[in-house]
Each structure stands twice: as structure tokens, then as C-alpha cells.
Amino acid sequence: SPTAKFALTLLSLDVQGASLDLAQPLQVKLDVGINSTGHLGVSGSVTPAPLAADLGVQLATFDLTALQPYIGQMTAMSLLSGQLGADLKVKYGAAKPILAVKGAIGVTGLHTIDNTLKDDFINWDSLDLKSFSYQQQPARLEIDRVVARKLYSRTIIEADSTLNVERVLGTAKPAAGKPGPPAKQAAPVASSAASPAPAAARSPSTYVAIHKVQISDSTMNFSDFSINPNFSAGIQKLNGSVSGLSSRPDSRATVDLKGEVDEFSPVSIAGDVNLLSPALYSDVTMSFCNIELSI
């Protein structure tokens, strides 16, 4: 609730090679508009029995706000805008169960808000998944590069030391109260912590690897309400990368991000993390220098 609605317009379907022999592949081509802005094109071969397919799938300018009814059921987030595009190769086989997807996926103009704070949660101009690859058996998801441009994120360590991301995405129990307002004072801090979580808490069955995440011209609002006085800082001109993300328990991804709070206040975020495996790990130093203190 509300009801998810999809309007399919200008539907065009072409099928060639149909016969009573269902083991013979059909050549299919589908073109359809989705909700006035999106376009889906599918072409390739489909074998009726046993069911198999080898298809090319192109999706352009699909308005993601149509998915908000589903997002609202699973998260505490509202999706206000965003367009999805994809260029994929899909293979499927029912006789010997096979599902493989390869290609590229991109989302532009994303804008979301945190329903609790009624404020921006994560936004970006563009985010592209380069060389996306998924296979069902053995289950494996691999992405060569994720490229984010003009990314905005609001990161909060809440009073109970949980992250706002867990609350918004529904992966943690709600905090006892709402996060407090940003502090009036800000001081340079450097923190380092390793916090492995019990393996039982997260048990992904799919191997996941993201070789590199590139971030350019981005912004992050960071607040820590677990300490007193609270610490808050807005980081602009954030550039850098996170390399080597993997669901292997012993893997360590390297974080190397740099930005600034103002013209003369550089910020460095560096260290090692494991965010994708059951054994969560982080050892990250955030260094804020030359920040002007409020009076």
C-alpha cells in the first residue's frame, strides 16, 4: 500500500520459428513502454520445452518511483526520484537449472529521504555498475567497478551506537529514540575500531565481490550521537575509492577517501573494512584537521 501500478504501452511482440516441436527455439523480439518514460527491449531465443532462454535485455529511463510501494514495505525510506537503465545478457535453462546475467546497470538522479528524520538519506547524480555478473549455481555476484558521481549520504552513529543505515534499511531493531540535533560544537577526531559481528547475524549464501568503488565530487554529512558532546561535520569534495569488497570472511577492503569540511579543513577516511561477509569488520580512521570551533 499504496498499490503498485505499471502502464505498458505501445506493446510490440514478434515471434518467428513457431512449430509443434517445442524443443525448437523461437526467435522473439519485444518492445514496450513502461509508465510513459521507460522503455524495455528484449530480443533473442526462447525454447518452450524444456524452458530455456538466451536474451538481450535493454531497459532505459525506467522511473524508479513506481517501486516505492515495495520499498515502503521493506524499509523506512522514501524514493522521490531516480531512473534505471540496463544493458544485460540473460541466460536461463530449466532442465539443468541455469541463470546467468551479465552487463551494465546504471541509476541516475536518485533522491531518497529518511522517513524518521524527514531529511535526505542518500542521493546521487549517477551510479553505474560496470561489468555486472551474476550466476545462480554456484551463487555468485561480481561487479568490476561501481562509479558514483555527486553522491550524497547522511551517516549517523546513533545514541545506541548503531548506524542509521541499519535503521532505515530495516536490518536492526529501531533505536529507543530519534537521533538528537547536530551538535553546536565540532572538534577534530580520529577513531579506530574493530567490531566483528557474530556469524549467525548475517549468513549470505551468495558469494559477492565488488572490486572497486569509485567516488567523485561527493558529499557526506557525518554525525556521532554516541559521544557527549556530539560530533557533526559536513564533508564536501569527497573523492577516492573502496577497493576489494568481498563476502569472504577473511577479506579486507581498503578505504581511501579524502575531502574537506571547508577550504582549510582537510578530511581523511582510511582503513580496512569487511562489509559483505557474516563476520563484519572495520578498522577505519577518520581524521578531521583545522576545523573552526563554534563559540
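Residues numbered from 1 in each chain as written. Predicted model: local features only at pLDDT ≥ 70, side-chain atom pairs only at ≥ 80, totals over all residues. Heavy atoms only, no water.

This part takes up the overall build of the protein. Counting secondary structure elements, the protein contains two helices and 14 strands. For the protein, with 295 residues in total, the buried portion stands at 35%. Within the protein, counting contacts between residues at least 6 apart in sequence, those at least 24 apart form 52% of the total. Entry remark: accessible area of the protein is about 16600 Å², with carbon and sulfur atoms responsible for 59%. (Helix = DSSP H or I, 4+ residues; strand = E, 2+ residues; numbered from the N terminus. Buried < 20%, exposed > 50% of the residue type's maximum accessible area, 1.4 Å probe, protein only. Contact = heavy atoms within 4.5 Å. Areas by Shrake-Rupley, 256 points an atom, 1.4 Å probe, with all protein chains shown as cover.)

Right, let's get into the side chain of Ser153. Within the secondary structure layout, Ser153 lies in strand E9 (residues 152-157). Here Ser153 is in contact with Phe121, Ile122, Thr219, Met220 and Asn221, once residues within four sequence places are set aside.

The next point concerns the nonpolar core. In this structure, Ile269 and Phe288 are the most contacted members of the largest nonpolar core, which totals 53 residues. Residues in contact with Ile269, not counting those within four places in the same chain, are Met220, Ile235, Val255, Asp256, Leu257, Val284, Thr285 and Met286. (Core = buried A, V, L, I, M, F, W, Y, C linked by side-chain atoms within 4.5 Å.)

Here the distance between the centres and the angle between the planes together describe a pair of aromatic rings. Across all of its chains, the model carries three aromatic pairs by this definition. Ring centres of Phe222 and Phe288 lie 6.4 Å apart, and the angle between their planes is 25 degrees; on these two criteria the pair is classed as stacked. On the criterion of sequence distance, the pair formed by Phe222 in strand E10 (residues 207-224) and Phe288 in strand E14 (residues 281-288) is long-range, its members being 66 residues apart. The buried category is assigned to Phe222, whose relative accessible area is 8%. Phe288 sits in the buried class, given a relative accessible area of 3%. A ring pair is formed by Phe231 and Phe288, whose centres lie 4.9 Å apart and whose planes are at 70 degrees; its orientation type is edge-to-face. Taken together, the residues span a long stretch of sequence, with Phe231 in strand E11 (residues 231-246) and Phe288 in strand E14 at a distance of 57 residues. Here Phe231 matches Phe288 in class, with each residue buried. Put simply, the rings of Phe222, Phe231 and Phe288 pair up and form one aromatic cluster. (Phe/Tyr/Trp six-rings, centres within 6.5 Å; stacked < 30°, edge-to-face > 60°.)

Right, let's talk about a nonpolar patch on the surface for a bit. A contiguous nonpolar surface patch, about 450 Å² in accessible area, is contributed by Phe6, Leu8, Tyr70 and Met74. With respect to the helices and strands, Tyr70 occurs in helix H1 (residues 68-74). By relative accessible area, which is 41% here, Tyr70 ends up partly exposed. (Patch = residues over 30% accessible without salt bridge, like charges linked within 9 Å, V, L, I, M, F, W, Y side chains within 5 Å. Salt bridge = Lys/Arg side-chain N within 4 Å of Asp/Glu carboxyl O.)

Moving on, we come to the side chain of Ser218. Position of Ser218 among the secondary structure elements: in strand E10. Accessibility expressed as a relative area gives 1% for Ser218, which makes it buried. A polar contact is formed between the side chain of Ser218 and the backbone oxygen of Ser216, at a distance of 2.9 Å. The contacts of Ser218, once residues within four sequence positions are left out, are Ala148, Lys150, Leu151, Ile235, Gln236, Lys237 and Leu238. (Polar contact = N/O pair within 3.5 Å; in protein donor to acceptor, adjacent residues only side chain to side chain.)

We now examine the pattern of salt bridges. Taken as a whole and assessed by the stated rule, the structure comprises seven salt bridges. Its salt-bridge partner being Arg149, residue Asp128 comes within 3.3 Å of it at the nearest N-O pair. Note that Asp128 is positioned in strand E7 (residues 119-135) and Arg149 in strand E8 (residues 140-149), a separation of 21 residues in sequence. Salt-bridge contacts for Glu158 lead to Arg167; the nearest nitrogen and oxygen are separated by 3.0 Å. For the pair Glu158 and Arg167, one class covers both residues: buried. Through salt bridges with shared partners, a single network forms among Asp114, Glu158 and Arg167.

The quantities given are spatial measurements derived from coordinates; they are silent on function.
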